[in-house]
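Spelled out from the first residue to the last, the chains are:
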Amino acid sequence: MSYSLASFASRDALDRALCARVETILQAGIEDRGQAFCVISGGSTPLGFFRLLTKSDLDFSKVTFILADERWVRPDHPDSNEGAVRRHLLQGPARLATLIGLFQEGLDIKANAVSSDQIVQALPLFDVVILGMGLDGHTASLFPSATGIEAALNLEGSASVVAIQPLSAPNARLSLSAQRLIQTENLILHLTSAEKLAVFKQAEACQEAALMPVSRFLNQSKVALQVVWAP
Ligand code: 6PG
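Residues numbered from 1 in each chain as written. Predicted model: local features only at pLDDT ≥ 70, side-chain atom pairs only at ≥ 80, totals over all residues. Heavy atoms only, no water.

1. Concerning the nonpolar core
Here's step 1: Core analysis: the biggest nonpolar cluster contains 79 residues, and F65 and L181 have the highest contact counts within it.
Here's step 2: At seven residues, helix α1 (residues 11-33) tops the list of elements feeding residues into this core.
Here's step 3: Sequence-distant contacts of L181, that is, excluding residues within four places in its chain, are made with V39, A68, V129, L131, A140, L142, L176, L187 and F217. (Core = buried A, V, L, I, M, F, W, Y, C linked by side-chain atoms within 4.5 Å. Buried < 20%, exposed > 50% of the residue type's maximum accessible area, 1.4 Å probe, protein only. Helix = DSSP H or I, 4+ residues; strand = E, 2+ residues; numbered from the N terminus. Contact = heavy atoms within 4.5 Å.)

In structure tokens:
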């Protein structure tokens, strides 16, 4: 499957275009099925997009956001993706949306992965999945050469949520698996900086997904990858 690349002159222009695109997709899902499901990522790249989306006039009571991954920390921890999404996205009108986080208090990480897997398995096809990427070619929390990464990247695999211990990043992680992330009609990779674009181009040539997990989302035939980028 090939991919499309839309380049924008600035991060603000990119955030505005991405927000408009996601609004259109979610509105169509609400009109067609009465609800819409949007997978979002952590990190700093999406924060401008989140702040714009909070101002949308979508009926957020019919929108469910699902975290693509989580650093396995409590929501009040500074590294928590859930905490960041609650601070930057679930504000204003968007506070009416549902958020499916991954961290569950009182469980060890393996039990947490099993419990979150059951929750995510029960969800329908996602209307849109928005992924980020690190300079090591990870996406979500699918990290290069991490223990279990082969299974997490297996598109014939059964797990929807996996526990991952990155070799090159803090915190144990929970992540949606590659096979679950591509169960969407709109797969978007949100990138900024020349460095990340160069890493993405390397991933294009990468034949071993375990070394650059983002390449798995390029080399699959289920859903076209839409890359949106600004310097
Ligand atoms: C996370 C994200 C991760 C992120 C990349 C890029 O938990 O950190 O889900 O996959 O998208 O690490 O992070 P930045 O946007 O901060 O560069």
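This is not the end of the story, as more comes after the structure.
2. Some points on the site of the ligand
Here's step 1: Around the ligand, 15 residues are found, and the nearest of them are T45, D69, H138, A140 and K196.
Here's step 2: In this structure, A140 approaches the ligand through a main-chain N or O atom, which is 2.6 Å from an oxygen atom.
Here's step 3: In isolation the ligand exposes 420 Å². Once the protein is present, 86% of that is buried.
Here's step 4: Looking at the shell around the ligand, its residues break down into two nonpolar, nine polar and four charged. (Near = heavy atom within 4 Å. Polar contact = N/O pair within 3.5 Å; in protein donor to acceptor, adjacent residues only side chain to side chain. Areas by Shrake-Rupley, 256 points an atom, 1.4 Å probe, with all protein chains shown as cover. Nonpolar A, V, L, I, M, F, W, Y, C, P; charged D, E, K, R; others polar.)

3. Remarks on the packing of aromatic side chains
Here's step 1: Scanning the model with the defined rule gives four aromatic pairs in all.
Here's step 2: Look at F49 and F50: their rings are 5.8 Å apart centre to centre, the planes differ by 45°, and that puts the pair in the tilted class.
Here's step 3: Classification of F50 by relative accessible area gives buried; the value is 2%.
Here's step 4: Between F60 and F65, the ring centres sit 6.4 Å apart and the planes meet at 35°, which makes this aromatic pair tilted. (Phe/Tyr/Trp six-rings, centres within 6.5 Å; stacked < 30°, edge-to-face > 60°.)

4. Observations concerning the environment of S116
Here's step 1: For S116, the location among the structural elements is in helix α4 (residues 109-121).
Here's step 2: By relative accessible area, which is 1% here, S116 ends up buried.
Here's step 3: Separated by 14 residues in the primary sequence, S116 and L102 place their C-alpha atoms 6.0 Å from one another.
Here's step 4: Among residues more than four places away in sequence, those in contact with S116 are L102, Q104 and V161.

5. Brief notes about the sheet that holds strand β1 (residues 3-7)
Either a parallel or an antiparallel arrangement is found when strands of a sheet pair, and the pairing is made through backbone hydrogen bonds.
Here's step 1: Across the sheet, which stays open at both edges, the seven strands sit in the order β1-β10-β9-β6-β2-β3-β5 with parallel pairing between neighbours. With one partner strand each, in any of the chains shown, β1 and β5 (98-100) form the two edges of the open sheet. Neighbour-to-neighbour, the strand axes of the sheet open up by a mean angle of 20°, direction not taken into account.
Here's step 2: With six bridges joining them, strand β9 (residues 187-192) and strand β10 (residues 225-230) adopt parallel strand pairing. The residue bridging T192 from the neighbouring strand is A230, located in β10. (Pairing = 2+ DSSP bridges. Axes fitted to C-alpha atoms, helices over the stretch in contact; angles between N-to-C directions.)

6. Observations concerning helix α7 (residues 194-205)
Here's step 1: The terminal C-alpha atoms of α7 lie 17 Å apart, and with twelve residues this matches the ideal 16 Å at 1.5 Å per residue to within 8%.
Here's step 2: Of all the positions in α7, only K196, L197, V199, F200 and A203 are classed as buried. What you see down the axis of α7 is that its buried residues fit within an arc of 160°, all on one side. Exposed residues on α7 whose side chains face more than 90 degrees from its buried face are A194 and A205.
Here's step 3: Buried residues along α7 sit against β1, β9, α8 (215-218) and β10. (Expected span 1.5 Å × (residues − 1). Arc of directions from axis to C-beta.)

7. A look at the pairing of β9
Here's step 1: Within β9, six of the six residues are buried, which leaves the element mostly enclosed by the surrounding structure.
Here's step 2: Going residue by residue along β9, you find L187, L189 and L191 tucked away on one face and I188, H190 and T192 tucked away on the opposite face as well.
Here's step 3: Where strand β6 (residues 128-131) and β9 come together, three bridges link them in parallel fashion. Paired with L131 across the strands is L189, a residue of β9.

8. Focus: the pattern of salt bridges
Side chains that differ in sign of charge can pair as their charged atoms come close.
Here's step 1: Taken as a whole and assessed by the stated rule, the structure comprises seven salt bridges.
Here's step 2: A salt bridge links K62 to D59, with the nearest nitrogen and oxygen atoms 3.5 Å apart.
Here's step 3: Among the salt bridges present, the one from R86 reaches E82, with a minimum N-O distance of 3.0 Å. Linking R86 with E82, this pair stays in helix α3 (residues 81-88), spanning four residues, or about one helical turn.
Here's step 4: Classification of R86 as partly exposed rests on a relative accessible area of 39%.
Here's step 5: Among the charged side chains, a salt-bridge network with shared partners connects R74, D76 and E105. (Salt bridge = Lys/Arg side-chain N within 4 Å of Asp/Glu carboxyl O.)

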